[in-house]
Amino acid sequence: GEQLAVFRTQDGQAYVVDAYCPHLGANLATGGRAVGNCIECPFHGWQFRGEDGKCTRIPYAEKVPDFARVRTWPSCEVNGMLLVWYHCEGVGPTWAVPEQQEIATKEWVFRGQTEHLVDVHIQEIPENGADVAHLSFLHEPAILGGSDLRYTRAKLWDFMKHIWKAEWRPEPEPSEHCSRLLVQHTATIFGKRVSWMDLTVSARQVGPGLVFLIFEHAFLGHGIILQTVTPLEPLLQNVVHKIYYQKNIPAIIPKFILRAECIQFERDITIWNNKQYLPKPLLVREDAGIQKHRRWFSQFYSEKSRRLPAQKEGLDW
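Residues numbered from 1 in each chain as written. Predicted model: local features only at pLDDT ≥ 70, side-chain atom pairs only at ≥ 80, totals over all residues. Heavy atoms only, no water.

A.B. asks: Would you mind going over the overall build of the chain with me for this structure?
C.D. replies: Counting secondary structure elements, the chain contains 5 helices and 16 strands. Within the span of the chain, comprising 317 residues, buried residues form 42% of the whole. Within the chain, counting contacts between residues at least 6 apart in sequence, those at least 24 apart form 49% of the total. Of the roughly 17900 Å² of accessible surface on the chain, 54% is carried by carbon and sulfur atoms. Taking the average location of the 35 positive side-chain charges in the chain and that of its 36 negative ones, the two points are 3 Å from each other. (Helix = DSSP H or I, 4+ residues; strand = E, 2+ residues; numbered from the N terminus. Buried < 20%, exposed > 50% of the residue type's maximum accessible area, 1.4 Å probe, protein only. Contact = heavy atoms within 4.5 Å. Areas by Shrake-Rupley, 256 points an atom, 1.4 Å probe, with all protein chains shown as cover. Lys, Arg positive; Asp, Glu negative; His and termini not counted. Charge placed at Lys NZ, Arg CZ, Asp CG, Glu CD.)

Printed below as a string of structure tokens:
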């Protein structure tokens, strides 16, 4: 729900600041420009330093007031993305985002991305990984059946099924802000296992909004899908999947993997967009991972975490 301006200085450093100029409220991201290590307001030419937000120049004023500044946001540029740290208490970053070495060395190259808007609370999306039981039901039908849940179980595609084995667990200190989902995937055609579709996926959740999905295939190589979940407004998330893959593997392979992942993800979206969050769900013993995940995810809330008046007990932001 924040309005931000992002710019890159002449030395190549990227900065994130509040979009609105504190002078008269012009949007620095609309018509503003980078000048040296500052962003310049398009309205009156005030310049704000990216490092600390301090105003360094007012073209028509003899003196720049010491208190003239725009808010800056902690950010880092890693794995081809600019990531912003948000904490409603104003606490600074308490962990760093790991760099994927194969992306940094360009051993793995960008092969495409998907983008979805999801009408759900941000916690529901990572919680999906701890709900291993849904894999065997929602994601068992062949991807040939598409993502429309009315037709995924059509008898036409019944000859093929996806088989999943998954385990979710939080990581110990000092990486308690991370969790891991290990997934073994294979497929059967007419009940017989198809070994060339065996796939191992290691999904590492880093904080509430970033996932590293590393794929390992016996002869189709290795790659990664980076998932980012950005809350835009109450109950609206922007989810992006970017795939990087070995550059010596034909591009059609990672594009197929991304498409298959997209079909499965869109099945989840249909559920998310129409479900209700239950603070006290009716769970069976085999659902223990869901409660475990909720305890783990609770670390990302604090006293001032935003809530709507009507839903103090629920996940409303």
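A.B. asks: Sorry if this is basic, but what is going on with a nonpolar patch on the surface here?
C.D. replies: Nonpolar side chains collect at one region of the surface, where Leu4, Val6, Leu82 and Val84 lie side by side and expose about 280 Å² of accessible area between them. What makes Val84 partly exposed here is its relative accessible area of 37%. (Patch = residues over 30% accessible without salt bridge, like charges linked within 9 Å, V, L, I, M, F, W, Y side chains within 5 Å. Salt bridge = Lys/Arg side-chain N within 4 Å of Asp/Glu carboxyl O.)

A.B. asks: In this structure, what is going on with the UniProt feature "domain: Rieske" (unreviewed entry) in the chain? I would like to understand it.
C.D. replies: If you check UniProt for "domain: Rieske" (unreviewed entry), the listed places come out as residues 1-84 in our numbering. With 0% helix and 38% strand, residues 1-84 has its two end C-alpha atoms placed 13 Å apart. (UniProt positions renumbered as here; feature names shortened; annotations may be inferred.)

A.B. asks: Help me out: how do you make sense of the packing of aromatic side chains in this one?
C.D. replies: Here a ring pair, both rings aromatic, is described through the centre-centre distance and the interplanar angle of the planes. Counted according to the given criterion, the structure contains 13 aromatic pairs. Centre to centre, the rings of Phe297 and Phe300 are 5.2 Å apart; their planes meet at 75°, and the pair counts as edge-to-face. Against the face of Trp73 rests Arg71, its NZ or CZ located 3.9 Å from the ring centre. (Phe/Tyr/Trp six-rings, centres within 6.5 Å; stacked < 30°, edge-to-face > 60°. Lys NZ or Arg CZ within 6 Å of the ring centre and 35° of its normal.)

A.B. asks: Sorry if this is basic, but what is going on with the sheet that holds strand β1 (residues 4-8) here?
C.D. replies: Strands belonging to one sheet form pairs held by backbone hydrogen bonds; the direction of such a pair is parallel or antiparallel. The antiparallel open sheet is built from 3 strands, whose spatial order is β1-β2-β7. Strand pairing shows two members of the sheet lacking a second neighbour, β1 and β7 (72-73), which therefore form its edges. One ladder, built from 5 bridges, connects β1 with strand β2 (residues 14-18); its direction is antiparallel. Of the residues in β2, the one forming a bridge with Ala5 is Val17. (Pairing = 2+ DSSP bridges.)

A.B. asks: Explain the pairing of β2 here, please?
C.D. replies: For a regular strand, the rule is simple: side chains alternate between the two faces of the sheet. The buried fraction of β2 is high, at 4 of 5 residues. The hairpin formed by β1 and β2 contains 5 residues between the paired strands, and Gly12 there has a positive phi angle of roughly 95°. Pairing of β2 with β7, which is carried by 2 bridges, proceeds in the antiparallel orientation. When the sheet's bridge partners are listed, Val17 is paired in β7 with Thr72.

A.B. asks: Explanation requested: helix α5 (residues 288-297) in the structure shown.
C.D. replies: At 3.6 residues per turn, the α-helix brings residues three or four places apart onto the same side. Along α5, the residues that are buried comprise Ile290, His293, Arg294, Trp296 and Phe297. An end-on view of α5 places all buried positions within 160° of arc, on one side of the element. Close packing links the buried residues of α5 with α2 (124-130), β11 (160-170), β12 (178-189) and β13 (192-206). (Arc of directions from axis to C-beta.)

A.B. asks: How should the sheet that holds strand β15 (residues 221-233) be read in this particular structure?
C.D. replies: The strand order β10-β16-β15-β14-β13-β12-β11 describes an open sheet built from 7 strands, whose pairing is antiparallel. Bordering the open sheet on either side are β10 (108-118) and β11, each of which pairs with just one other strand. Between one strand and the next, the sheet's axes are offset by a mean angle of 20°, whatever the strand orientation. Bridge count for β11 against β12 is 11 bridges, and the pairing is antiparallel. (Axes fitted to C-alpha atoms, helices over the stretch in contact; angles between N-to-C directions.)

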